[in-house]
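# Coordinate analysis (summary)
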Amino acid sequence: MAGAKLGALPYYEKWFVLGLLVGVFSGLLVLVFHMALTLVERLFLGELVGMQTAGGGPPAFEAWRYYLLPASMAFGALIAAFFIYTFAPEAQGSGTDMVIKAYHYLQGKIRWRVLPVKIIATVFTIGSGGSGGAEGPAAQFSAALGSMVSELLGLPPEDRRRMAVVGLGAGIGAIFKAPIGGALLAAEVLYRRDLEPDVIYPALVASAVSYAVYGAVTGYTPIFGYYTEPLDPMRLPLYAILGAFAGLVAIAYVEIFNASRRFFERLNVNVYLRPAAGALLASAVALIAPQVVAYGYSWVRLAELGDFSQFYSPLLPTLALLALMPLLKILATSFTVGSGGSGGLFAPAIFIGAFLGADVGLLFHYLSPSLAPSVAPFAIVGMAAVLAAATKTPLSALALTVELTGSVQLFPAMMLAVAISYILSEGRTIFEAQVPTRRESPAHRGEYEIAVLEAIKVEECALDDMKVLATDNVEKALRIMEERNMMGLPVVDDGGNFLGVVHLVDLLKADRRDQVVKYVIRGAPYVTPSSTLEQALQAMSAARSRWVSVVENGKFKGVLTAERLYEAYRKELELHKAASRRGTP
């Protein structure tokens, strides 16, 4: 009943109400998730390991029982694996990929059990020290919420698809305190080179509301504070160079993560033990660089401030630690999430980009202190550039970075770096389920098939010369129909003018010596060489036939059969696919 009432509302009113619903409940869920994650971090990383700094704690490092970190991470991964592989295997990994897959291939269907399982699995994976973000899981369980709400309201599949990704945007908008970035991400993350415009409006509503609900308890200050320095246009060439490095690092992030995921999929180990194996490998990295533990926001903040005095490693000097930090974070995240643990991939990309930017900023500062007096803008621009290149979400990456750092004045620098990193990353993406454009999405297959038919003209197709003269006898017409397996034929006069058609059912009752003209049905539908294949298909449908006559200025040109039509359609579709693989529109 409620679904029927909502369906009767105009588009914007309907999606305003649905956006409000998803936003309120998503904000509350993310708040519960945040509190649970904080609690588990205190238990595992605080009480067990004795760390002063968890994922987002105060900017300091101290650990009394740091040697227990492998046990903490492995135990947390075992708990997460039990819940994932017992109740909802689709809750493994980042979560974002599964939402994208649900949109394209499953009509937005996400099982309700994914919601609690994803929360529990992520809380124990990251809370025990696993390297990953909270945003991907927030996106998945919020998408599951959107799918559940649509099921309860009895919404159609198209609306359920939208509700799932609207939930994704609401979850991201709340956990990152970035409502604009969350809304844009909902529309952009589905594709490598496209947007889902119908999602933007409801995602704006849902993301704004979820952010308001979440921020009412946690505060509205940007996660990385406010960057207040003005833009120096003289540094734009330096940001362009940073963009090039970011594109290469994003490629490394994607390739190493995918290699890790494939390795663990082939590993001859019980599926319940794989995340623990990955956690042990990640803990080996964390013992060298404790900064890679959890999501590491406090270390990003320190890098942004240029305060490297508190960076600690038992093996590496500070300079070597900073230089290797992007690679170490890539490895720790690939082991944690690639093995089947539950954690997001956006926050690691931000971490990687921030430290890449800090490294490049330090290099430029060494070469020209007056031109690069601070590493902060480079760290911020690096965040946007790596995030955009790795996830193929340039617009969302720009918005998210500005909202995370309060750095709108750096927009030109970020835009330049993002454009370069996006190009250099060559279509590689950390999300396998992304498709290139709407055309390749099964969710839009019907509308783009029609679009292809409308783009092809009849004159581009091969025509068959099948006809009878008006003066031919019925016997000849029946023989041609039998040979060609036709239920009718076009009729022309001696001058080649189209007169109409004759049907088998009429000729079977006729005298075989009669002329065909006696049984012609005039006014039969036909198409011209400039008609589209969509019009030709409609004409066939109207005549309930598998062919249609092609006529130009009254003259009969030939017959277009359904087989010839589909042959031309398939050729055009192959050309579109080839163009997509080459990266051309």
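Above this text sits the structure in question.
If you're wondering where the values come from, they're calculated on a predicted model, not measured in any experiment. (Residues numbered from 1 in each chain as written. Predicted model: local features only at pLDDT ≥ 70, side-chain atom pairs only at ≥ 80, totals over all residues. Heavy atoms only, no water.)

### What to know about the overall build of the protein
Our working rule: Secondary structure follows DSSP: runs of H or I at least 4 residues long count as helices, runs of E at least 2 residues long count as strands, and numbering of each begins at the N terminus. Relative accessibility thresholds used throughout: buried, under 20% of the residue-type maximum; exposed, over 50%; partly exposed, between the two (1.4 Å probe, protein chains only). Working rule for contacts: check all heavy atoms of both residues, and any pair within 4.5 Å makes them a contact. Computed by Shrake-Rupley with a 1.4 Å probe, the accessible areas treat only the displayed protein chains as cover when residues are assessed. Charge convention: Lys and Arg are scored as positive, Asp and Glu as negative, and His as well as the terminal groups of each chain are ignored. Working definition for charges: the position is that of NZ of Lys, CZ of Arg, CG of Asp or CD of Glu.
For the protein, the helix and strand inventory stands at 22 helices and six strands. Each of the three principal axes of the protein carries a C-alpha extent, and together these read 105 × 55 × 50 Å. The burial tally for the protein puts 56% of its 585 residues in the buried class. Restricting the contact set of the protein to residue pairs at least 6 apart, pairs at least 24 apart contribute 74%. Roughly 23,800 Å² of accessible area belongs to the protein as shown, and the carbon and sulfur atoms make up 62% of that amount. Counting 47 positive and 47 negative side-chain charges, the protein places the centres of these two groups 4 Å from one another.

### As for the pairing of strand β6 (residues 555-561)
Stated precisely, the cut-off is as follows: Only strands joined by at least two bridges in the DSSP assignment are considered to pair.
Counting buried positions along β6 gives five out of seven residues, so the element sits mostly inside the fold. Bridge count for strand β5 (residues 547-552) against β6 is six bridges, and the pairing is antiparallel. Within β6, the residue paired with Glu 552 across the bridge is Lys 555. Between β5 and β6, which pair antiparallel one after the other, the connecting turn spans two residues, and Asn 553 there sits at a positive phi close to 55 degrees.

### Structural notes on the packing of helix α14 (residues 346-367) against helix α15 (residues 376-391)
Rules: Lines fitted to C-alpha atoms define the axes, with helix axes restricted to the stretch in contact, and inter-axis angles between N-to-C directions lie between 0 and 180 degrees. Note on terminology: angles under 35 degrees are roughly parallel, angles over 145 are roughly antiparallel, angles of 65 to 115 are roughly perpendicular, and the others are oblique. Working rule for handedness: look at the near helix, and if it is turned counterclockwise from the far one by less than a right angle, call the crossing left-handed; if clockwise, right-handed. Polar here means any residue outside two lists: the nonpolar Ala, Val, Leu, Ile, Met, Phe, Trp, Tyr, Cys and Pro, and the charged Asp, Glu, Lys and Arg; Gly therefore counts as polar.
Interhelical geometry of α14 versus α15 gives an angle of 135 degrees and a closest axis separation of 6 Å. Taken together, the axis directions place α14 and α15 in an arrangement best described as oblique. Along this stretch, α14 crosses α15, giving a crossing that reads as right-handed. Contacts from Phe 346, Ala 349, Ile 350, Ile 352, Gly 353, Ala 354, Leu 356, Gly 357, Ala 358, Gly 361 and Phe 364 in α14 reach Phe 378, Ala 379, Gly 382, Met 383, Val 386, Leu 387 and Thr 391 in α15. By residue class, the composition of the contact of α14 with α15 is 13 nonpolar, five polar and no charged.

### Details of the nonpolar core
Where we set the bar: As used in this record, nonpolar core signifies buried Ala, Val, Leu, Ile, Met, Phe, Trp, Tyr and Cys residues forming a set joined through side-chain atoms within 4.5 Å.
Phe 176, Phe 311 and Phe 355 are the most contacted members of the largest nonpolar core, which has 145 residues in total. What Phe 311 contacts, discounting residues up to four positions off in sequence, is Gln 291, Trp 299, Leu 302, Ala 303, Thr 318, Leu 321, Leu 322, Met 325 and Phe 355.

### Topic: the sheet that holds strand β2 (residues 488-492)
Spatial strand order, β1-β2-β3: three strands in an open sheet with mixed pairing. Taken across any chain shown, the strands that pair with only one partner, and hence form the sheet edges, are β1 (468-469) and β3 (498-503). In this structure, β2 lies alongside β3, joined through five bridges in antiparallel fashion. Residue pairing across strands places Val 491 opposite Gly 500, the latter belonging to β3. Across the sheet, helix α19 (residues 474-484) is in contact with β1, β2 and β3; its angle to β2 comes to roughly 135 degrees.

### Details of the packing of aromatic side chains
As a reminder of what qualifies: Only centres within 6.5 Å qualify two rings of Phe, Tyr or Trp (six-membered ring in Trp) as a pair; their planes then separate them into stacked at under 30 degrees, edge-to-face at over 60, and tilted for everything else. Only Lys NZ and Arg CZ are tested; either one counts as a charge over a ring when it is within 6 Å of the ring centre and within 35 degrees of the ring normal.
One pass over the structure, following the stated rule, counts 22 aromatic pairs. Ring centres 5.2 Å apart and planes at 70 degrees place the aromatic pair Phe 33 and Phe 141 in the edge-to-face group. Of the two residues, Phe 33 is situated in helix α2 (residues 11-48) and Phe 141 in helix α6 (residues 135-153); the sequence distance between them amounts to 108 residues. Accessibility assignment for this pair places Phe 33 and Phe 141 in one class, buried. Ring plane angle 70 degrees and centroid distance 5.7 Å describe the contact between Phe 311 and Phe 355, whose orientation is recorded as edge-to-face. With Phe 311 in the loop between α12 (297-305) and α13 (318-338) and Phe 355 in helix α14, this residue pair connects regions lying 44 residues apart in the sequence. Here Phe 311 and Phe 355 have matching classes, each one buried. In textbook terms, an aromatic cluster arises when at least three aromatic residues are bridged by ring pairs, as seen for Trp 299, Phe 308, Phe 311, Phe 351 and Phe 355. One residue, Arg 161, lies across the ring of Tyr 103, its end atom 5.8 Å from the ring centre. Sitting over the ring of Tyr 422, Lys 392 keeps its end group 5.5 Å from the ring centre.

### Observations regarding a nonpolar patch on the surface
How we decide: Two joining distances apply to patches: 9 Å for like charges and 5 Å for nonpolar side chains (Val, Leu, Ile, Met, Phe, Trp, Tyr), and every residue must have over 30% relative accessible area and no salt bridge. The rule for a salt bridge is simple: a side-chain nitrogen of Lys or Arg has to be within 4 Å of a carboxyl oxygen of Asp or Glu.
A cluster of nonpolar residues, Leu 9, Phe 16, Val 17, Leu 20, Leu 21, Val 24, Phe 25 and Leu 28, forms a patch on the protein surface that exposes about 590 Å² of accessible area. As for its placement among the helices and strands, Val 17 is situated in helix α2.

### Examining α2
Let me state the cut-off plainly: Between the first and last residue of a helix there are one fewer steps than residues, each counted as 1.5 Å, and that sum is the expected span. Here the bend at a residue means the angle between the axes of two seven-residue stretches, the one that ends at it and the one that starts at it.
For α2, which comprises 38 residues, the first-to-last C-alpha distance of 53 Å matches the rise-based estimate of 56 Å (1.5 Å per residue) to within 8%. Roughly 25 degrees is the biggest bend found in α2, and it falls at Arg 42.

### A closer look at unusual backbone geometry
A positive phi angle is found at Asn 485, which is not glycine, with a value near 55 degrees. Considering the arrangement of structural elements, one finds Asn 485 in the loop between α19 and β2. The phi dihedral of Arg 544 is positive, around 55 degrees, even though this residue is not glycine. Along the polypeptide, Arg 544 turns up in the loop between α21 (533-543) and β5.

### Regarding the pairing of β3
Counting buried positions over the six residues of β3 gives five, a clear majority of the element. Connecting β2 to the antiparallel partner β3 that follows it, the hairpin turn spans five residues, and Gly 496 within it adopts a positive phi of roughly 80 degrees.

### So, the pattern of salt bridges
What the rule picks out here adds up to 23 salt bridges. In this structure, Arg 301 engages Glu 304 in a salt bridge whose closest nitrogen and oxygen atoms are separated by 3.5 Å. With a gap of three residues between them, Arg 301 and Glu 304 both fall in helix α12, about one helical turn apart. Residues participating in the shared-partner salt-bridge network are Lys 14, Glu 158, Asp 159, Arg 161, Arg 162 and Asp 198.

### Thoughts on the side chain of Thr 532
Within the fold, Thr 532 resides in the loop between β4 (526-527) and α21. With sequence-adjacent residues up to four places away left out, Thr 532 is seen in contact with Leu 453, Glu 454, Ile 456, Lys 457 and Val 458.

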